[in-house]
Amino acid sequence: MKYAIDKKGFYGEFGGAFIPEAMYQNIEELRSNYLDIIESSSFQSEFARLLKYYVGRPSPLYYAKRLSEYYGTNIYLKREDLNHTGSHKINNTIGQILIAKKLGKTRIIAETGAGQHGVATATVCALTGIKCVVYMGALDVSRQAPNVLRMKMLGADVIPIESGNKTLKDATNGALRDWINNPWDTHYIIGSVVGPHPYPDLVARLQSVISEEIQWQLKELENKEAPDYILACVGGGSNASGAFYHFLDNENVKLIATEAAGLGVDTNQTAATLATGSPGVLHSCRTMLMQNEDGQITEPYSISAGLDYPGIGPMHSFLHTTERVKYMSITDKEALKAAFLLTRLEGIIPALESAHAFAVFEKKKFKATDVVVINLSGRGDKDMDAYINEMQKQNEPS
Ligand SMILES: *Cc1c(COP(=O)(O)O)cnc(C)c1O
C-alpha cells in the first residue's frame, strides 16, 4: 500500500511518535500488540458481531435521487449517521475497547471536544463494564451540556480542564498526563487518526469498515467496482480515512476532503489546517498544524464543534502533499446552506461536520455519468441550535 505507514510509523515526513520517556511503556505495549490483536480471529469475530448487532452495520449506501437530480449527477450517501450513538465514532471505540480488554486494561481514558467521542467511549465502557474517565475543556463542558449529561448517565467521570483555551487541545493534554501517571491499568482511546504512532494507523484500520462496505454495496447497487469520487469532511480525519481506505491505491477513484474554513481562510477565525498551517509536532506526532511565528498553537474556529481542531491526522498531511486527495475549504455559511438543501431535498438533517462535505457540490460540477459517494458521518440533532439560529436570521426582514 503506497499510502500506508512505514515501519517507523511515518506517512512520508509525517507521523511518528514524539513522546516523553514516561509515555514510552504505554505506546510500546500498544504498538507491539495492535496488529496481532486486530488480525486475530477472536478479535475479528467479536468486532464483527458488535458492529452488526450493536452498532447496526452495515450502514446503508443510499441513492439520493432528488439531490442527484438537483446537481445532475449520481450521489450515494454512506449513512454513518444511522449508527448507534449517531456517527462513525462508535466504529473506533468498539474496536479499541476490545483491544484494551485483550491487553488486560481495566480503566479507559478519552479526550473529547464536542462530546461525540466522549459519548461513544462512555457507551462502550458501559457495554463492557470498564471504568471510564473523559477529559473535556471547561469551556466545552459548558457549551456541550447534553453530551456531558449523556456521558454521566453512562457512568463516566467527566473531568473539566481549566488550562489553556479550555477546549479540545487542552482536554487532549489532560488525557496524555493521566496516561503517563497510570501506565499499567489504563488504555487511552484516542478519537481520531491523530496522536503518536500507532494511533493514526490503528484508528484508520478500525474505520476502514466504511470503505469495505462501500465496495460491496456499490457492486450490488451499480455493478461497479469503485465510485468515481468519494467525499468526506475532515476534523482529525477519521471518517475520511475510513471512507477512503480501500480506495487509496485505486487512482481512478478521485478523493475530495473538506476542511472547515470558519469565517474564511484569510481571517483568523478558521480551522482550515492544511490551507493555513505548517508542519510541526502536535500531540506527539509530526503533522500540519495551525501555529504562530513562535510555534504556539493558534485557536481554531468553526461553527462545527467536531471540526475545530488545530491539527490534522498525519495521513492527511501526506495525502495532501502527494496530492492523492484534494482538500477544499468550506465556510460556515456554505456548510449551513448545504445542510438546509440536503434537509429539504432528502429529509435528512445532517451534522454540521458532514454538511461541509455536501458544500462541495456547489463548488464543483460533476458529470451526469459520475458516481459520487459522500460520507454522511453524523446527525444534525446536536446542531439544532445553529440551525434554529440560521432560520431566525433568514426570517428577519433585511
Ligand atoms: C467527530 C466528528 C467529525 C470529525 O472527526 P474526524 O476524525 O475528522 O472524522 C466529523 N463528523 C462527525 C459527525 C463527528 O462526530
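Preceding this paragraph is the structure being described.
Below is a summary of the structure that appears in this document.

Conventions we followed
- Residues numbered from 1 in each chain as written.
- Predicted model: local features only at pLDDT ≥ 70, side-chain atom pairs only at ≥ 80, totals over all residues.
- Heavy atoms only, no water.
- Salt bridge = Lys/Arg side-chain N within 4 Å of Asp/Glu carboxyl O.
- Helix = DSSP H or I, 4+ residues; strand = E, 2+ residues; numbered from the N terminus.
- Buried < 20%, exposed > 50% of the residue type's maximum accessible area, 1.4 Å probe, protein only.
- Near = heavy atom within 4 Å.
- Polar contact = N/O pair within 3.5 Å; in protein donor to acceptor, adjacent residues only side chain to side chain.
- 1 Å grid on protein atoms, 1.4 Å probe; cavity = no way out; pocket = protein on both sides within 12 Å on 5 of 7 lines; lining within 4 Å.
- Sits in = over half its atoms within 2 Å of the grid points.
- Nonpolar A, V, L, I, M, F, W, Y, C, P; charged D, E, K, R; others polar.
- Contact = heavy atoms within 4.5 Å.
- Pairing = 2+ DSSP bridges.
- Axes fitted to C-alpha atoms, helices over the stretch in contact; angles between N-to-C directions.
- Parallel < 35°, antiparallel > 145°, perpendicular 65-115°, else oblique.
- Left-handed = near helix turned anticlockwise from the far one by under 90°.

A few words now on the pattern of salt bridges. Counting across every chain of the model gives 24 salt bridges. Residues R31 and E28 are paired through a salt bridge, measuring 2.8 Å at the closest nitrogen-oxygen approach. Of this pair, R31 and E28 both sit in helix α1 (residues 24-39), three residues apart, which is roughly one turn of the helix. Under the relative-accessibility criterion, R31 is labelled partly exposed at 35%. Between R79 and D81 there is a salt bridge whose closest N-O contact spans 2.9 Å. Classification of R79 by relative accessible area gives buried; the value is 12%. When salt bridges with common partners are traced through the structure, they connect R57, K78, E80 and E213 into a single cluster.

On to the site of the ligand, then. Lining the immediate surroundings of the ligand are 17 residues, of which K89, S192, G235, G237 and S238 lie closest. In this structure, an oxygen atom belonging to the ligand sits 2.7 Å away from a main-chain N or O atom of G237. With respect to the pocket detection grid, the ligand is positioned in the largest cavity. Class assignment for the residues of the shell around the ligand results in three nonpolar, twelve polar and two charged.

In this fold, A4 is placed in the segment before β1 (10-11). Excluding residues that lie within four positions of it along the chain, A4 makes contacts with F10 and Y11.

For A386, the position within the fold is in helix α17 (residues 384-395). Between the C-alpha atom of A386 and that of F340, which follows or precedes it by 46 residues, the distance is 12 Å. Once residues lying within four places of it in the same chain are set aside, the contact partners of A386 are I303, L336 and L352.

Taken in spatial order, the four strands line up as β7-β6-β5-β8 in an open sheet, and their pairing is parallel. Two strands close off the open sheet at either side, each with one partner strand: β7 (157-161) and β8 (186-188). Pairwise comparison of adjacent strand axes, ignoring direction, gives a mean angle of 25 degrees for this sheet. Bridge analysis of strand β6 (residues 131-137) against β7 gives five bridges, and the strand direction is parallel. By the bridge assignment for β7, V134 is matched with V158. Against the sheet, helix α8 (residues 168-181) touches β5 (107-112), β6, β7 and β8, its axis set at about 160 degrees to β5.

Next up on the list: the packing of helix α5 (residues 116-128) against helix α7 (residues 145-153). Between α5 and α7, the least distance of the axes is 9 Å, while the angle of their chain directions is 15 degrees. Of the possible angle classes, the one that applies to α5 and α7 is roughly parallel. Our pair here, α5 against α7, has a crossing hand that is left-handed. Every residue of α7 that contacts α5 at Q116, G118, V119 and A122 is listed here: N147, R150 and M151.

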